[in-house]
Amino acid sequence: MRVAVQSGAFDAGAEVSAFSAGVRGAGAVVSFTGLVRDEGGRLSAMEIEHYPGMTEKAIAGMVEEAVARWSLVDALVIHRHGRLMPGEAIMMVATAGLHRGEAFAAAEFLMDYLKSRAPFWKKEFATDGAEWVAAKDADEDALKRW
């Protein structure tokens, strides 16, 4: 299990390859990479803040829960902080399970929790000003299935 909270970019393909190469006994590896969205073409950048130590601990707890709940062989979460531009990779999740169903479910669980519960604060800088990103009802609703 690995959790990385970092300012630097990552190569999702290389990360998935390394993760997959290190997995023994799994029948499926699922990965997801989230990108900084520019809805409407007005976003110039996103700034992500976090509290070092607390953020890693919170995410590790989520990953431990997913590993136990779906009997995963392994899991990986990478999440960036700092100033990010539209189209840049912001996070990725990789899960390895005995079967694809467990790997997919665990990955979705982690993505939903990262989106709404991980202690990150996001500020969007747009052509018409800057504002903090508020929680969305749809993200909260997605948690209800777990």
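Here the residue numbering is sequential within each chain, running from 1 through the sequence in written order. Local features in this predicted model are restricted to residues of pLDDT 70 or higher, and side-chain atom pairs are both shown and tallied only at a pLDDT of 80 or more, whereas totals for entire chains, interfaces and linings draw on every residue. The basis for every side-chain value is the complete set of heavy atoms in the structure, and neither hydrogens nor water enter the calculation.

Nonpolar core, defined: a set of buried Ala, Val, Leu, Ile, Met, Phe, Trp, Tyr and Cys residues in which side-chain atoms within 4.5 Å join the residues together. Working definition: with a 1.4 Å probe on protein chains only, accessible area under 20% of the residue-type maximum means buried, over 50% means exposed, and in between means partly exposed. By size, the foremost hydrophobic cluster in this structure holds 29 residues, and its most contacted members are I59, V93 and L110. Contacts are assigned to residue pairs with any non-hydrogen atoms lying within 4.5 Å of each other. The residues contacting L110, other than those within four sequence positions of it, are M62, V63, A66, V77, V93 and T95. Among the nonpolar cores identified, the runner-up in size contains 10 residues, and L76, A89, M92 and A94 belong to it.

Attention now moves to helix α2 (residues 54-69). Each helix corresponds to a stretch of at least 4 residues labelled H or I by DSSP, and each strand to a stretch of at least 2 residues labelled E; elements are numbered beginning at the N terminus. Take the number of residues in a helix, subtract one, and multiply by 1.5 Å to get its expected span. The end-to-end C-alpha distance of α2 is 23 Å, a good match for the 22 Å that 16 residues give at a rise of 1.5 Å each. Buried residues of α2: T55, I59, A60, M62, V63 and A66, and no others. One side of α2 holds all its buried residues, which, seen down the axis, span an arc of 160°. The outward face of α2, more than 90 degrees from its buried face, is lined by the exposed residues K57 and A68. Where α2 is buried, its residues contact β1 (2-6), β3 (43-50), β4 (74-80), α3 (100-116) and β7 (120-126). Looking at the residues trailing α2, positive phi occurs at S71, about 50°. The directions considered for the arc are those from the helix axis to the C-beta atoms.

As a further point, take the pattern of salt bridges. A side-chain nitrogen of Lys or Arg and a carboxyl oxygen of Asp or Glu constitute a salt bridge if their distance falls within 4 Å. One pass over the full model with this rule turns up 10 salt bridges. Between E39 and R37 there is a salt bridge, and its shortest N-O distance comes to 2.8 Å. Among the residues examined, E39 registers a relative accessible area of 57% and is labelled exposed. The partly exposed category is assigned to R37, whose relative accessible area is 49%. We note a salt bridge from E88 to R80, for which the minimum N-O separation is 3.1 Å. Classification of R80 by relative accessible area gives buried; the value is 4%.

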